[in-house]
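# Notes for the structure review
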Amino acid sequence: MSQCVVEIENLVKRYGDKVAVDHFSLNVNEGEILGLLGPNGSGKTTTINCLLSLLKYDKGIVTIFDKEMKPEAYDIKSQIGVVMQNVAVVETLTVYENVDFFCGLYIKDKATRKKYVEDALEFTGLTEYKKYLPKKLSGGLLRRLNIACGIAHKPKLIIFDEPTVAVDPQSRNAILEGIRKMNRDGATIIYTSHYMEEVEELCTRVVIMDHGKNVANGTSQELKSSLINRETIRVGLPDKSDKIIAGIKEINHVYKVKEDGDDLVIKCDGGDHNLVHILSYLNDNNVPFGHVSTELPTLNDVFLEITGKELRD
Amino acid sequence: MFGRIYVYKLKEMLRNKYVVGWNIFFPLVLATVFYFGFGNLISDDPDNFKTINVGYVNTNQEETNFGMLLEEMSKVSDNRTKIVEVHEYSSKEEAAEAMNSEMISGFYVEDGDDISTYVLTNGYKATTLNEIVREYKNMYSVIEKVAQEHPENLQKAIDMVSNQMEIMKEHDFGTNTSPYLQYFFALIAMSSLFSSWISTAMLEGMCANMTETGKRFEVAPTNKLLAIAGCVMAGLTIQSVSNAVLVVYVQYILKINMGAPFINLVLITTLGSALGISAGVLIGSFIKNERLLVAVPLVFTMGCSFCSGLMWHQIRQIIESNCPILNRINPAALLVDCLYTRATYGKTDMYYQDILIMGCMVVGGLFVSSLFLRRRKYASI
């Protein structure tokens, strides 16, 4: 069984009367990429700040690498890397100097640091820009510099706080690929985002937060499996007689059929070949139909079902 | 760790156009403006200690020891410039009229045991005249005793007091006495307090609730006070060098004699820079609002500089007359006073007192800041 790297128990953080984090518990195991998903204001960043001891919390215990996390817990801090939501670099230092400066807060040995800095620049594809000042970099390159500054000291636990906000798709893919590589190299990763597609693609486990609470926890597949609706099939159907609708309802796993303009929306609660069965029924009964599409549930559907609202409200 | 932060912060500041502009070039520009404004009014001949014309009114009309002392001091001896040229008047009103018409720089009225000094303006002449009476009173009992017990040695005793005055003139006085010099000292004081901006900006860059780079510092396994010390030393270096450049520019390029050896001036201005840095750290340690962190040092610097005589040199004297404590707690006024005292009167008690107060302010400011900063374990984002 893999070791538990981060353990949060019953974390409570209040801002006056407002409860930002409400009895939140979480375990992160070694080697995981944990996605912390939630809409804006759900308490993700507050949780991360408490985890890093940037914020004093009202209740709960935060343990990292089996030790309680405190502001002066330098031995724990030395093993953590943080990639901030906003770019955190020094404008008047070059790319190389920025990475060296922040890496130097962790690594004292000059030769080791030099190697680590060069590795980080290579990893983020910034080697050719190492003499540039940050203001000369594009938005995507700046994000990569932000990542290089956070991970250059080769931490065992890396926290990414919405690293792809306002990043173009090409840079986003490069960032996600980089995170996978860091994970393959042995780092445990906590990734917060409100982009469910990213989390679904990247994370081995997902925790969904809402109103400061842990409302769902599992792999993407597990979370989606918990939904009643497992597949939504949309068929363009000019003739929507009661007989046809009743016939479709008889098909295995179809639990709900409703009209939506020219389309018929059919919801299935399981099964492997629902589309084939529906099209066979339409063919067998000589029912003409137009376009056909099928949608599998997303994490947004999970969130919608749990909280009654969209992730990006 | 300390060394790396120090070096990187130096680099950071030297590439920051605001630091280079405001902390280094702006004082030079202002010094040039001052130079063209009243540089020619500053008397800068260090060798020219001018004899002071002083009035003397003896209400009793009898020969007194003080009168003999003044007479002795008005004699030329060993090719040295005489300290005073005494003009006797029969009444206080007559002497005052002579002073108002600038024939004399001041006058004494001796009435029995009481000696009153009247001077027209501040400056080395006023100080010298006051110093003569002070020194005489210190030696009075000795002279009295000699006059009573060994009248044959009275002349020797008076010579001793007179020589004391010479020593004071030759060794203790600074080499510039112009009140306009205060503007340049106030400029140095303002430049020194500009360093409070540097230290508040640095603290801001290290606090997670202020900046994103601050978060990096807070999550790193770095002792916060050590990191801040690195920043503070870098800020102090920049400001001290900037002040030294300003002194070189004023003294050697604009050729305005600042009345003290270069090293002495640099040490005083470095203390001034430390004062600004310390004030900035103190401000930054208890203010958590980003806008206030810009506004407070600005108001602090300009307010202190104004009260130290940056725009009107007599403001400091007015404050000294009405609320002297303000001049003792205003860092800019202390620095101006220290430089002015050094330039005009030399290393007097006042000079050492200013240095002591400034030193205590630096140490006290940093100590209180460190208490604030140690308590701030969490960022309160």
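Predicted model only: the values in this text are computed from it and were never measured.

## As for the overall build of chain A
Within chain A one finds eleven helices and 14 strands. Based on the C-alpha atoms only, the size of chain A along its principal axes is roughly 80 × 45 × 40 Å. Residues counted as buried form 40% of the 313 residues belonging to chain A. Within chain A, contacts between residues separated by at least 24 positions form 68% of all contacts whose residues are at least 6 apart in sequence.

## Some thoughts on the overall build of chain B
In terms of helices and strands, chain B carries 15 helices and four strands. Residues counted as buried form 42% of the 381 residues belonging to chain B.

## Thoughts on the sheet that holds strand 10 (residues 213-218) of chain A
Residues and elements named next belong to chain A. Taken in spatial order, the six strands make up an open sheet running 6-7-8-3-9-10, and their pairing is mixed. Each end of this open sheet is capped by a strand with a single partner; those strands are strand 6 (80-83) and strand 10. For this sheet, the mean inter-axis angle between neighbouring strands, taken without regard to orientation, is 15°. Running at roughly 155° to strand 8 (residues 188-193), helix 6 (residues 169-184) makes contact with strand 3 (33-37), strand 7 (157-161) and strand 8 of the sheet.

## What to know about the pairing of strand 11 (residues 231-236) of chain A
In terms of strand pairing, strand 11 of chain A meets strand 13 (residues 263-268) of chain A through six bridges, oriented antiparallel. Bridge assignment links A:Arg234 to a residue of strand 13 of chain A, and that residue is A:Val265.

## A closer look at the sheet that holds strand 2 (residues 84-89) of chain B
All names here are of chain B. Read across the open sheet, the four strands follow the order 2-1-3-4; overall the sheet is mixed. Edge positions in the sheet fall to strand 2 and strand 4 (114-119), since each has one partner strand and no second. Each neighbouring strand pair of the sheet contributes to a mean axis angle of 25°, computed without reference to strand direction. Packed onto the sheet, helix 3 (residues 65-73) meets strand 1 (52-58), strand 2, strand 3 (106-111) and strand 4 and runs at close to 135° relative to strand 2. On the sheet, helix 4 (residues 92-100) packs against strand 1, strand 2, strand 3 and strand 4 and is oriented at approximately 165° with respect to strand 1.

## With respect to helix 3 of chain B
Residues B:Phe66, B:Leu69, B:Leu70 and B:Met73 constitute the buried set of helix 3 of chain B. For helix 3 of chain B, the angular spread of the buried residues around the axis is 95°, confining them to a single face.

## Observations concerning the interface of chain B and chain A
Counting residues at the interface gives 21 residues for chain B, matched by 26 residues for chain A. Among the elements of the structure, helix 1 (2-14) and helix 8 (212-219) of chain B are those that each provide at least two residues to the side of chain B that touches chain A. Among the elements that take part in the side of chain B that touches chain A, helix 8 of chain B stands out by supplying six residues, more than any other. The class makeup of the residues in the side of chain B that touches chain A is nine nonpolar, three polar and nine charged.

## Some words on the packing of helix 1 of chain B against helix 9 (residues 224-253) of chain B
Residues and elements named next belong to chain B. One way to put it is that helix 1 packs onto helix 9 with a least axis distance of 8 Å and a crossing angle of 45°. When the axis of helix 1 is compared with that of helix 9, the two are oblique. As helix 1 packs across helix 9, the resulting crossing turns out to be right-handed. Residues Phe 2, Ile 5, Tyr 6, Lys 9, Leu 10 and Met 13 of helix 1 form the contact with helix 9, whose participating residues are Leu 226, Ala 227, Ala 229, Gly 230, Cys 231, Met 233, Ala 234, Thr 237 and Ile 238. Grouping the amino acids of the contact of helix 1 with helix 9 by side-chain chemistry returns twelve nonpolar, two polar and one charged.

## A look at the confidence of the model for chain B
Residue and element names in this part refer to chain B. Confidence in the prediction for chain B averages 82 pLDDT; 88% of positions are at 70 or higher. Helix 6 (residues 154-172) is the least confidently modelled element of chain B, averaging 62 in pLDDT, while helix 9 averages 92, the highest of any element. Across the interface, the model reports ipTM at 0.80; the global pTM reads 0.74.

## A few points about the packing of helix 10 (residues 262-286) of chain B against helix 15 (residues 349-375) of chain B
Residue and element names in this part refer to chain B. Here helix 10 crosses helix 15 at 25°, and the two axes come no closer than 8 Å. Classified by the interaxial angle, the pair formed by helix 10 and helix 15 is roughly parallel. In the crossing of helix 10 with helix 15, the sense of the turn from one axis to the other is left-handed. Each of Leu 271, Ala 274, Leu 275, Ser 278, Ala 279, Val 281, Leu 282, Ser 285 and Phe 286 in helix 10 lies in contact with helix 15, whose residues at this interface are Ile 355, Met 358, Gly 359, Met 361, Val 362, Gly 365, Leu 366, Val 368, Ser 369, Phe 372 and Leu 373. Of the residues contributing to the contact of helix 10 with helix 15, the split by class is 15 nonpolar, five polar and no charged.

## Regarding the environment of A:Glu295
Position of A:Glu295 among the secondary structure elements: in strand 14 (residues 292-295). Through-space distance from the C-alpha of A:Glu295 to that of A:Thr232 is 5.1 Å; in sequence the pair is 63 residues apart.

## So, the nonpolar core
A:Val99, A:Tyr191 and B:Phe184 are the most contacted members of the largest nonpolar core, which totals 143 residues. The element contributing the most residues to this core is helix 7 (residues 181-204) of chain B, with 16 residues. Contacts of B:Phe184, omitting those with residues within four sequence positions, involve B:Ala31, B:Phe34, B:Val250, B:Ile256 and B:Met258. Within the second largest apolar cluster, 22 residues are counted, among which are B:Tyr56, B:Phe66, B:Met73 and B:Leu129.

## Structural notes on unusual backbone geometry
Within the chain, A:Ser53 stands out as a residue other than glycine whose phi angle is a positive 65°. Looking at the secondary structure, you find A:Ser53 in the loop between helix 1 (44-51) and strand 4 (59-64). Of note, B:Glu102 is a non-glycine position whose phi angle comes to about 60°, a positive value. Among the secondary structure elements, B:Glu102 is positioned in the loop between helix 4 and strand 3. On the basis of neighbour count, B:Glu102 is assigned to the exposed category, with 10 C-beta atoms found within 10 Å.

The rules behind the values
- Along each chain, numbering runs from 1 in the same order as the chain's sequence is written.
- Each chain is given a letter, starting from A, and each ligand a number, starting from 1, according to the order in which they appear as written.
- Given that this is a predicted model, residues contribute local features only at a pLDDT of at least 70 and side-chain atom pairs are listed and counted only at 80 or more, while totals for whole chains, interfaces and linings are drawn from all residues.
- By definition, any uninterrupted DSSP run of H or I lasting at least four residues is a helix, any uninterrupted run of E lasting at least two residues is a strand, and each is numbered from the N terminus.
- In this scheme every C-beta is placed from the backbone, and a residue whose C-beta has 20 or more other C-beta atoms within 10 Å is buried, one with 12 or fewer is exposed, and one in between is partly exposed.
- By the criterion used throughout, residues are in contact when their C-beta atoms, derived from the backbone, lie within 7 Å.
- Two strands are counted as paired when DSSP detects at least two bridges linking them.
- Axes, fitted as lines to C-alpha atoms, cover a helix only where it is in contact. Angles between the N-to-C directions of the axes lie from 0 to 180 degrees.
- By arc we mean the arc of the directions from the helix axis to the C-beta atoms, nothing more.
- Each residue gets one of three labels, nonpolar for Ala, Val, Leu, Ile, Met, Phe, Trp, Tyr, Cys and Pro, charged for Asp, Glu, Lys and Arg, and polar for the others, Gly among them.
- Working rule for angles: under 35 degrees goes down as roughly parallel, over 145 as roughly antiparallel, 65 to 115 as roughly perpendicular, anything else as oblique.
- Two helices cross in a left-handed way if the nearer one is turned anticlockwise from the farther one by less than a right angle. They cross in a right-handed way if the turn is clockwise.
- Predictor confidence is given residue by residue as pLDDT, running from a minimum of 0 to a maximum of 100.
- Here, a nonpolar core means buried Ala, Val, Leu, Ile, Met, Phe, Trp, Tyr and Cys residues linked by C-beta atoms lying within 7 Å of one another.

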